[in-house]
Amino acid sequence: MEAIYALCVGVLTTCGFFLVLRGRTFTVVMGLTLLSYAVNLFLFASGRLKLDGAAVLGQSAEYSDPLPQALVLTAIVIGFAMTAFVVILAMRSRADQGNDHVDGKIPVQPKKSSASDKRHS
Amino acid sequence: MNLLWVVLLPLIGTIVPLLTERFGRNVCAFSVAILPACSLALVLMYAGDIFNGEALRQTIEWIPAIGLELSFRLDGLSFLFLLLILGIGLLIILYARYYLSAKDSMGTFYAYLILFMTAMVGIVISNNLIQLWLFWELTSISSFLLISFWSHNSDARKGARMALTVTGAGGLALLAGLLMIGNIVGSYDLDTVLNNGDLIRAHATYPILLILVLVGAFTKSAQFPFHFWLPHAMAAPTPVSAYLHSATMVKAGIFLMARFYPVLAGTDLWFMIVSLTGLITLLLGAYIALFKHDLKGLLAYSTISHLGLITLLLGLNSDLAAVAAVFHIINHATFKASLFMAAGIIDHETGSRDMRKLNGLMKYMPHTATLAIVAAMSMAGVPLLNGFLSKEMFFAETLDQSMLGSLSWLIPLLATVGAAFSVAYSLRFIHDVFFNGEPVDLPKTPKEPPRYMKVPVEILVTLCLVVGIFPAYVVGDLLHVASSAVLAHDVPIHNLAIWHGFNIPLLMSFLAMVGGITIYYNRRHLFNFQSQFDEPDAKHIFERVIQSIVNTSQRIIAKLENGSLQRYIFLLLLFTLAMAALPLLDLAQNAGSRPQIPIDGVTITGALLLILSAIATAIWHRRRFLALIFLSVVGLVVSLAFAQFSAPDLALTQLSVEIVTIILLLLALFFLPQSTQKESSNRRLSIDLVVSGLLGCVIGTICFAMLTTPLSTISDFFLANSKTGGGGTNVVNVILVDFRGFDTLGEITVLGIAALGIFKLIAKMRISMPTRDDKGRAWSNDPHPMMFEMVSQSLLPLALLVSVYIFLRGHNVPGGGFIAGLITAVAIIQQYIAHGVQWIKPRVTIDYQWMIAGGILIATATGLGSWIFDKPFLSTWFDYFDLPWIGEFELASAMLFDLGVYLTVVGAVMLILANLGKLTTSERTQIKEND
Amino acid sequence: MQHLPIFPILLPMLAAVFMLLPPLSNSITRHRIFAITVMVTLVITSALLLLTSHQQGIQLYVLGGWQPPFGISLVADRLSTLMVLLTSVLGLGALLYACAGDDNEGMFFHPLFMFQIMGVNGAFLTGDIFNLFVFFEVLLIASYALLIHGGGKQKTKVNVHYVILNLVGSSIFLFALGILYGTLGTLNIADMANKVRLLGENEQALAKAGGLLLLVVFGLKSALLPLHFWLPKTYAAASAPVAALFAIMTKVGIYSILRVHTVVFGADAGALASIAIPWLWPLAILTLIMGAIGVLASPSLRLTVANLVIVSVGTLMVAIAMQREAATSAALYYLIHTTLVTGGLFLLADMIMKQRGKAEDRYVIARKMTHAKVLGIAFFIAALTVLGMPPLSGFVGKILILQATEGMLETAWVWPVILLASLATLIAISRAGTTLFWRTSGESTHNEPLHPLKLMAITLLLSASPLLVILGGPITEYTQLTAAQLHDTTQTVDALLPAGDK
């Protein structure tokens, strides 16, 4: 089970980072959202996994670690605030610059490798 | 005795001119002179002690951490320099009074000048290396200000920058050198340092620190190859040239070498570097001086040459050479300063400094001419003038060394050649300017300057004569104490006489004279010979070098800092990868000892769904609507996962956040392109994929390793104290509102700020509302379908009820203010969607901004409440009550705190979405106004 | 006054909240008066707090009465209180300047400003790693909002970069926290320092990854190469008071590195001792070099100042990398100096820009400034300071850092780099100054008087420089004590935990 869980986290992280590396604000936002899922799952995992541990006192003999849950809760809320901000920022950016590229201007000849050279040169 | 005042008086003097400027030039000049004069008087009061060979000291604590203290030491050498600095300084003040024109700001000029004077005084009486360096840098700064005094002219600016850069660089080298000395000796106290000469010379780093210190000295004293800045410093007003660039500042480097002579000198390395540099500078300066048509240019190069001479003397490692050096310092200061002032007068009265135009001035200004001629003769080393004496000593010393082994005879030879050239250019100065026919189209007809403008020159020239004729009486003692201070032991000075009989030095002077006259007589050929090389202009070269440095840096920056976010993130991820991956190499086995949970079908399917939709989101990211759907699926599965692994609170929260986020993204998508073209090349895509893939693997591995290793945490404490201490059975919630309530407070603050920020963003947003999507399909023309309105309206009360319920149970079973808040918000938003802003506006009259603030306020106030009971912030209180019919129920301050959370959440979410919604309506204009 | 340690957080927070509510909301004048009053109070309170912790030892404030390591506790030691005081002073300067009119170019300036201060102070004071994260987010979200204050294409553009980068940074932060909690099972920094020593083989590897990930996060905040590229354009684009306030932001990152990598992964961390240092050394040096190159390349004053920030970051990182008391003390002195003066320079740059018409603050020939004399003097002072030229504070900091390397092999490359960097700065700044003030053509048309508040703000910040030299003795003494305290685990760890829990 742990292995599968870890696998999921890994995949989410990969997709998240991959999207964050793209050139358009909305895509980046989606990437960040995926990333935050990964982060939350990861942070949650720091308390180890329990299948039927109780979160509420007196329901069962063994409990799942409540602290990471609290942390994740905080993380979720903050994540939400941030996502909200960046989404609106994306709109503002498009309104101000007329396109939704993260650099405010569409790189010339996107099909050519220039885009990648731009970064790896 | 109070040496501090020697520095302090001039320092205070810097503000005097700024205050007295308005009272006219005479008052200003006079008032400026007072404080330096006092300082000079103070110094003279110590003359007695000094001539008894004592050294006076005074020390005041300042910044022990860097070994900096106000520490002063007045010995022979300092005394000599103080006389030069303050004495000549006073003459310059008088001279400048007449030199400056009405449109120059006299106050500023004097302020800079006195600041410089202070700095020089500081250097020569420092008894602490750091303090010495401090004043050293101050001279560079003040000279920068003085050179650029006529800041409107570009030469002045460039010259000043060049001087500052060169001397500043030297200053840094010097600092390094001094710090190394301090490290070796273990103290920055000059006395201590001077007593540890052997220690320093024996130390492994001696060569390095020697070079560093010498670089400092050479840059300041315009020694080859750093000499090029001095001629360009001549863009300064002539009083400055006379004071800084002949008499004092350029001597600071010489002073430095003299000061550290007991510590650094006496080694072959010292001889090699110092004497050879001196020799080259001597010859170079003398040679170039001859070809300068500009009066000040000639004097500048001759200054370089004479500084070279002094340096050479100091390099010879012999006592008498050092004495000669000190003697020449005095002589050069006197005749060169007077020559500069004379040049200034000529410039002032004729409007030109070009020797091709200046001729036959003897007729027009006989008085000035006479003075200048005497001074020039002294420069040439004519007998009965002070220049002659030190030059004789110099010749004698060049003969009396064997440093170059069998080649030692070269030094006297070259010395004579140099002397010959100095005779030549002195001759040119005299003949070209004052005789040699009539002036050629000068701007003004030359005349004698104002009476008092000549006084300083007269005084100095008199000195040249007096010293030249009665050396022993006039400067004997001074020379003695000064050189004793340099050598750190007593030196007898026997050769202070005009006549030593017929000897080689005399012969050398004679040869120099004859040679000089011959050179000057045949100057035509020389000039022709020289004219075939185009003389390199240091200023242009320097500026070009600087410019190329700047251009290179700009190229580098443009290449690295190219404004592409994708690259910046890529670098960030690479760095992250390195940081996270490398430690894992030490990870022996990633499966820990913790027993693993067996796999079951449900989870498998969930995991599969999650993975697939995540990948789908990544693949179809350019078809945004589709991607968004997959994204929401991922979100749902994640919340299910939380539920599965016994975290109901998380599940609930994740779910409600999910909903709001998706609504938000949909709204945004309405304004953004719904799909985009492929932009990234496959190469780039694959590289990105590799990096993010690797990161995924690393994170996954860490996650697995973490999950499978047992852990003992502080959480047992929370489980134990939740009910008893926090008054709640839902431990997570109790942690949120009690154990770690402070986090939650911060968290809702973040939410609130985000809302404000978003409001700010929206307020200035000028976005056009699309009527149709990318594919050209028009958006629905019926924004608020009847059916939907009915349903949502009837849903509202139910939703609110649910949220109240969730809120109340929060403390003991999953739920709580945050989730409740989100549910409420969603319910209200639904109304917005259903009915539109216009319909809501009159009905919902809550100011969300106040709601946020109120929420945070309540939460904080709850925390502050505990102060009443003298408990720390956020200490909670709870108790159980028993009411008839209702039964036992609990009241906890935590609930109030949770209420704050609730309000903030509702307020924030509404502020965001409602205003975003407004963008789709005519309301936009309104928002603009209230910004 | 037992509650003193939490004042620097609550005061600005409540101030912000009240400014959002009637009667203060919607009246810029009331906002200004209120904000300035609060700021002044904050300065006084921070000073008090500093004195208290200086004289009576570390002040531990246990929130909710939940003793460490379980609850969150604030730690007001010499270092944190120093940083808080620094923030308040800088904040006051920036605020005064803003009140001259910049605050009215957009909404919510004052509340956001206060929230920002709250976040920064919180980050300095908290003794809990997750709480540190929360306050990071507070100050970040506030900075996002402040960065677009005033509006305009450029601001939006840089904000997109700034926000996205930092969001990625935040998720990395959370990964790191997950790892650290997952291995150490605690969040209290002092307690972490204890637990780190007791880790087994496997956990060590994990914890190391966690610690290094934190370095990434803090590096991003403090603009450590290669994570610094966002800084110059961002700071240059921000409106003057915001840029001035941001002068403290990089220091938050630096502070966090000092905390975490000196206390938790410090010299006593057993197998995990000073894990960050091998990375910090080269990166610090490179940052310094890049900063110097940036300064040389900058075409406008604001960019120059922004690049000077990077130079200072590099210098500070070099000092931190030395991991010895003397160096830390030097770093702290330098930090005070650079923060305040950079702040002042950002404000000054703005004033200069406003007076040069179309040329703004670019290094091109332009018409004369109306108030060239006043601004010139201010610029001259600031310039000498950043150049590290005597008699202003820069040189003390420089010498302290150079001296701190005594007996280290690194001296061989630290000295040249630092000295050459100052030479580069000298060249750049002298060109800048001569161009801005002396390469003029035609008289100025702009003839509004200098706003007294603006002058006050700049004077306040720049006066720090001479004061740091005149009071150099006591201040360096304090920084030395601070460094000693930071490097002494019995004070930074054991003292903060109940005796039973070791």
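Right, let's walk through the structure included here. None of the values given here were measured: they were computed from a predicted structure.

In terms of regular secondary structure, chain C is built from 21 helices and two strands. Computed over its C-alpha atoms, the radius of gyration of chain C comes to 22 Å, within 12% of the 23 Å expected for a compact globule of 502 residues. Overall size of chain C, expressed as C-alpha extent along the three principal axes, is 75 × 60 × 40 Å. A total of 502 residues make up chain C; the buried ones form 74% of that total. Put simply, of all contacts in chain C between residues at least 6 apart along the chain, 79% involve residues at least 24 apart. On chain C, roughly 12,900 Å² of surface is accessible, and the fraction owed to carbon and sulfur atoms is 64%. The average position of the 27 basic charges and that of the 22 acidic charges among the side chains of chain C differ by 14 Å.

So, about the pairing of strand S1 (residues 56–63) of chain B. Residues and elements named next belong to chain B. Note that S1 and strand S2 (residues 68–74) share seven bridges and pair antiparallel. Pairing of Ile63 across the sheet is with Leu68, part of S2. With antiparallel pairing between neighbouring strands as the criterion, S1 and S2 make up a hairpin whose turn holds four residues, including Gly67 at a positive phi of roughly 70°.

What follows is about the interface of chain C and chain B. Contacts between chain C and chain B engage 118 residues on the former and 112 residues on the latter. Between chain C and chain B, the buried area comes to about 10,300 Å², and carbon and sulfur atoms account for 78% of it. Where chain C packs against chain B, one counts two salt bridges. Among the salt bridges present, the one from C:Asp128 reaches B:Arg740, with a minimum N-O distance of 2.7 Å. For the interface between chain C and chain B, the tally reads 21 residue pairs in polar contact (both at pLDDT 80 or more). No other element matches the 12 residues that helix H6 (residues 153–184) of chain C contributes to the side of chain C that touches chain B. Among the residues forming the side of chain C that touches chain B, the class breakdown is 78 nonpolar, 28 polar and 12 charged.

A word on the pattern of salt bridges. Residues and elements named next belong to chain B. A full pass over the atoms with the stated rule returns 28 salt bridges over all chains. A salt bridge links Asp75 to Arg259, with the shortest nitrogen-to-oxygen separation between them at 2.3 Å. With Asp75 in the loop between S2 and helix H5 (76–99) and Arg259 in helix H14 (residues 249–259), this residue pair connects regions lying 184 residues apart in the sequence.

What follows concerns the side chain of C:Ser422. Turning to its location among the elements, C:Ser422 is positioned in helix H17 (residues 411–438). A distance of 3.0 Å separates a polar atom in the side chain of C:Ser422 from the backbone oxygen of C:Leu419. When residues no more than four places from it in sequence are discounted, the contact partners of C:Ser422 are B:Leu172, C:Leu387 and C:Lys398.

Further remarks concern helix H23 (residues 451–469) of chain B. Residue and element names in this part refer to chain B. Its 19 residues place the ends of H23 27 Å apart at the C-alpha level, agreeing with the 27 Å of an ideal helix rising 1.5 Å per residue. Taken as a whole, H23 has its buried residues at Met453, Lys454, Val455, Pro456, Val457, Glu458, Leu460, Val461, Cys464, Val467 and Gly468. The inward-facing, buried residues of H23 abut H5, helix H18 (319–350), helix H20 (366–380), helix H21 (386–399) and helix H24 (471–487).

So, about the side chain of B:Gln58. Here B:Gln58 lies in strand S1. Residue classification places B:Gln58 among the buried residues on the basis of a relative accessible area of 17%.

This part is about the interface of chain C and chain A. With 28 residues of chain C at the interface, the matching set in chain A holds 31 residues. Both faces considered, chain C and chain A share a buried interface measuring about 2,700 Å² in area, 80% of it formed by carbon and sulfur atoms. Taken together, the connections running from chain C to chain A amount to zero salt bridges. Here chain C is connected to chain A by six residue pairs in polar contact (both at pLDDT 80 or more). For the side of chain C that touches chain A, the secondary-structure elements that each account for two or more residues are helix H5 (129–147) and H6 of chain C. A class-by-class count of the residues in the side of chain C that touches chain A yields 17 nonpolar, eight polar and three charged.

Taken N-terminus to C-terminus, the directions of helix H28 (residues 565–584) of chain B and helix H8 (residues 201–222) of chain C make an angle of 160°; their axes are 7 Å apart at the nearest point. Here H28(B) lies roughly antiparallel to H8(C), going by the angle between them. Both H28(B) and H8(C) take part in a crossing whose hand is right-handed. Contacts from B:Leu572, B:Phe575, B:Thr576, B:Met579, B:Ala580, B:Pro583 and B:Leu584 in H28(B) reach C:Ala205, C:Leu206, C:Lys208, C:Ala209, C:Leu212, C:Leu213, C:Leu215, C:Val216 and C:Leu220 in H8(C). Here the contact of H28(B) with H8(C) is composed, by residue class, of 14 nonpolar, one polar and one charged.

Mapped onto the secondary structure, B:Ser875 falls in the loop between helix H39 (848–868) and strand S3 (878–883). Overall, the relative accessible area of 10% leaves B:Ser875 in the buried class. Sequence spacing of B:Ser875 and B:Ile823 is 52 residues, and the spatial spacing of their C-alpha atoms is 28 Å. Filtering out sequence-adjacent residues up to four positions away, B:Ser875 remains in contact with B:Ser866, C:Gly64 and C:Gly65. A distance of 2.6 Å separates the side chain of B:Ser875 from the backbone oxygen of B:Pro872, its partner in a polar contact.

Residue and element names in this part refer to chain B. Viewed as axis vectors pointing N to C, helix H34 (residues 731–739) and helix H40 (residues 893–918) meet at an angle of 85°, and their least axial separation amounts to 10 Å. As far as their axial angle goes, H40 and H34 are roughly perpendicular. Note on element contacts: H40 touches H34 through Ala894, Phe897 and Asp898, opposite Asn733, Leu736 and Val737.

Reading the values: the criteria
- Residues numbered from 1 in each chain as written.
- Chains lettered and ligands numbered in written order.
- Predicted model: local features only at pLDDT ≥ 70, side-chain atom pairs only at ≥ 80, totals over all residues.
- Heavy atoms only, no water.
- Helix = DSSP H or I, 4+ residues; strand = E, 2+ residues; numbered from the N terminus.
- Rg over C-alpha atoms; globule rule 2.2 N^0.38 Å.
- Buried < 20%, exposed > 50% of the residue type's maximum accessible area, 1.4 Å probe, protein only.
- Contact = heavy atoms within 4.5 Å.
- Areas by Shrake-Rupley, 256 points an atom, 1.4 Å probe, with all protein chains shown as cover.
- Lys, Arg positive; Asp, Glu negative; His and termini not counted.
- Charge placed at Lys NZ, Arg CZ, Asp CG, Glu CD.
- Pairing = 2+ DSSP bridges.
- Buried area = accessible area lost by both parts, 1.4 Å probe.
- Salt bridge = Lys/Arg side-chain N within 4 Å of Asp/Glu carboxyl O.
- Polar contact = N/O pair within 3.5 Å; in protein donor to acceptor, adjacent residues only side chain to side chain.
- Nonpolar A, V, L, I, M, F, W, Y, C, P; charged D, E, K, R; others polar.
- Expected span 1.5 Å × (residues − 1).
- Axes fitted to C-alpha atoms, helices over the stretch in contact; angles between N-to-C directions.
- Parallel < 35°, antiparallel > 145°, perpendicular 65-115°, else oblique.
- Left-handed = near helix turned anticlockwise from the far one by under 90°.

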